[in-house]
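# Examination of the molecular architecture
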Amino acid sequence: MLKLFHAPMSRSSRFIWLLEELGADYTVEYVTIPRMDGSGQADAKNPHPEGKVPALEHDGMVITESAAIALYLTDLLPAAGIGPVVGDVRRGDYLTWLFYYAGVIEPVLTFSFLGLADNPGLLRTFRGPPEVHKRLLDALANGPYVLGDNFSAVDILVCSIGAWARSALPPGDLMDDYLKRCNERPALQRAQARDAAP
Ligand SMILES: N[C@@H](CCC(=O)N[C@@H](CS)C(=O)NCC(=O)O)C(=O)O
């Protein structure tokens, strides 16, 4: 059984979406986390080593970090076809985008949000929002999804940024149309219904 440790309207929300896309048999354990506004606190029942979400529990193992959870789940449940598996020609592209998301997109957008996007050391190491935006738009120009023809877990990660702050993603119709296409998916509608604690 898969158990997702989840706090409403957080980075774990996108994993309810992914689990719905995968047709997974799963439970949601609602936990509290410290919020930016000072409310909330770490929850003793959350197994994440830092009390964060998402955390996924499966067969006695705890998996953390969004890109790792995405890869774990799409490898575990390949039938839905939304995470190219080993042997698929798109596997390299899939891994590239998952790791680029975790290693570059999230840091760059976070630094930018914090007003640090002009820091020379950060720019040299990660590049900045213009480069991230260009990579996304170049991929979507060959779309309709980041990996091309097929919707994947990468799209869930990217769209979750748009749900948090549309302005963090490139402006324009290409991105707007892409977000609309992803946001209309029935699995997301089902996930949104489960996001808040019952
Ligand atoms: N790199 C982690 C980040 C997880 C993260 O920062 N989650 C936030 C919620 S969006 C959290 O749990 N914050 C509570 C805290 O910082 O203690 C991932 O992508 O899974």
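The sections below set out a description of the structure shown in this document. What you are looking at is a predicted structure, and each value in this text was computed from that prediction instead of being measured. (Residues numbered from 1 in each chain as written. Predicted model: local features only at pLDDT ≥ 70, side-chain atom pairs only at ≥ 80, totals over all residues.)

With that out of the way, let us pick up the site of the ligand. Around the ligand, the neighbouring residues are Ser10, Arg11, Ile33, Pro34, Gly51, Lys52, Val53, Pro54, Glu65 and Ser66. For the shell around the ligand, the class distribution of residues is 4 nonpolar, 3 polar and 3 charged. (Near = placed C-beta within 6 Å. Nonpolar A, V, L, I, M, F, W, Y, C, P; charged D, E, K, R; others polar.)

Valine 53 connects to proline 54 through a cis peptide bond whose omega is 5 degrees. Relative to the helices and strands, proline 54 resides in the loop between β2 (26-30) and β3 (55-58). For the peptide bond that leads from glycine 143 to proline 144, omega is 20 degrees, which places it in the cis range. We note that methionine 9 has phi near 50 degrees; this positive angle belongs to a residue other than glycine. The phi torsion at glutamate 65 lies on the positive side, around 80 degrees, for a residue other than glycine. Mapped onto the secondary structure, glutamate 65 falls in the loop between β4 (61-64) and α2 (66-76). Overall, the presence of 16 C-beta atoms within 10 Å leaves glutamate 65 in the partly exposed class. (Helix = DSSP H or I, 4+ residues; strand = E, 2+ residues; numbered from the N terminus. Buried ≥ 20, exposed ≤ 12 C-beta atoms within 10 Å, placed from the backbone.)

On to helix α5 (residues 129-141), then. An α-helical turn contains 3.6 residues, so any two residues separated by three or four positions project in the same direction. The terminal C-alpha atoms of α5, which comprises 13 residues, lie 18 Å apart, in line with the 18 Å expected from a rise of 1.5 Å per residue. For α5, every residue scored as buried is listed here: Val132, Leu136 and Leu140. Seen along its axis, α5 keeps its buried residues to an arc of 65 degrees; they face one direction. Away from its buried face by more than 90 degrees, α5 exposes Pro130, Lys134, Asp138 and Ala141. Looking at the buried positions of α5, the neighbouring elements they touch are α3 (91-113), α6 (153-164) and α7 (173-183). (Expected span 1.5 Å × (residues − 1). Arc of directions from axis to C-beta. Contact = placed C-beta atoms within 7 Å.)

The subject of this paragraph is the packing of α3 against α6. The interhelical angle for the contact between α3 and α6, taken along N-to-C directions, is 15 degrees, at an axis separation of 10 Å. When the axes of α3 and α6 are compared, the pair comes out roughly parallel. Regarding α3 and α6, the two cross each other, and that crossing is left-handed. Counting all contacts with α3, which are made through Tyr94, Trp97, Leu98, Tyr101 and Leu109, the residues of α6 involved are Val154, Leu157 and Ile161. (Axes fitted to C-alpha atoms, helices over the stretch in contact; angles between N-to-C directions. Parallel < 35°, antiparallel > 145°, perpendicular 65-115°, else oblique. Left-handed = near helix turned anticlockwise from the far one by under 90°.)

The next subject is the nonpolar core. Judged by nonpolar contacts, the single largest core of 44 residues is most densely connected at Leu4, Leu18, Leu19, Ala70 and Val154. Residue contributions to this core peak at 7 residues, all from α3. Each of domain 1 (2-82 + 187-195) and domain 2 (91-185) contributes no fewer than three residues to this core. The contact partners of valine 154, leaving out residues within four places of it in the chain, are Tyr94, Trp97, Leu98, Tyr101, Val146 and Leu147. (Core = buried A, V, L, I, M, F, W, Y, C linked by C-beta atoms within 7 Å. Domains from an automatic or database assignment.)

Here we take up the environment of threonine 32. With respect to the element layout, threonine 32 can be found in the loop between β2 and β3. Residue threonine 32 is classed as partly exposed on the basis of its C-beta count, with 18 C-beta atoms lying within 10 Å. Between the alpha carbons of threonine 32 and valine 53 there is a distance of 9.0 Å; along the sequence they are 21 residues apart. Threonine 32 has contacts with Ala7, Gly40, Gln41 and Asp43, leaving out every residue within four places of it along the chain.

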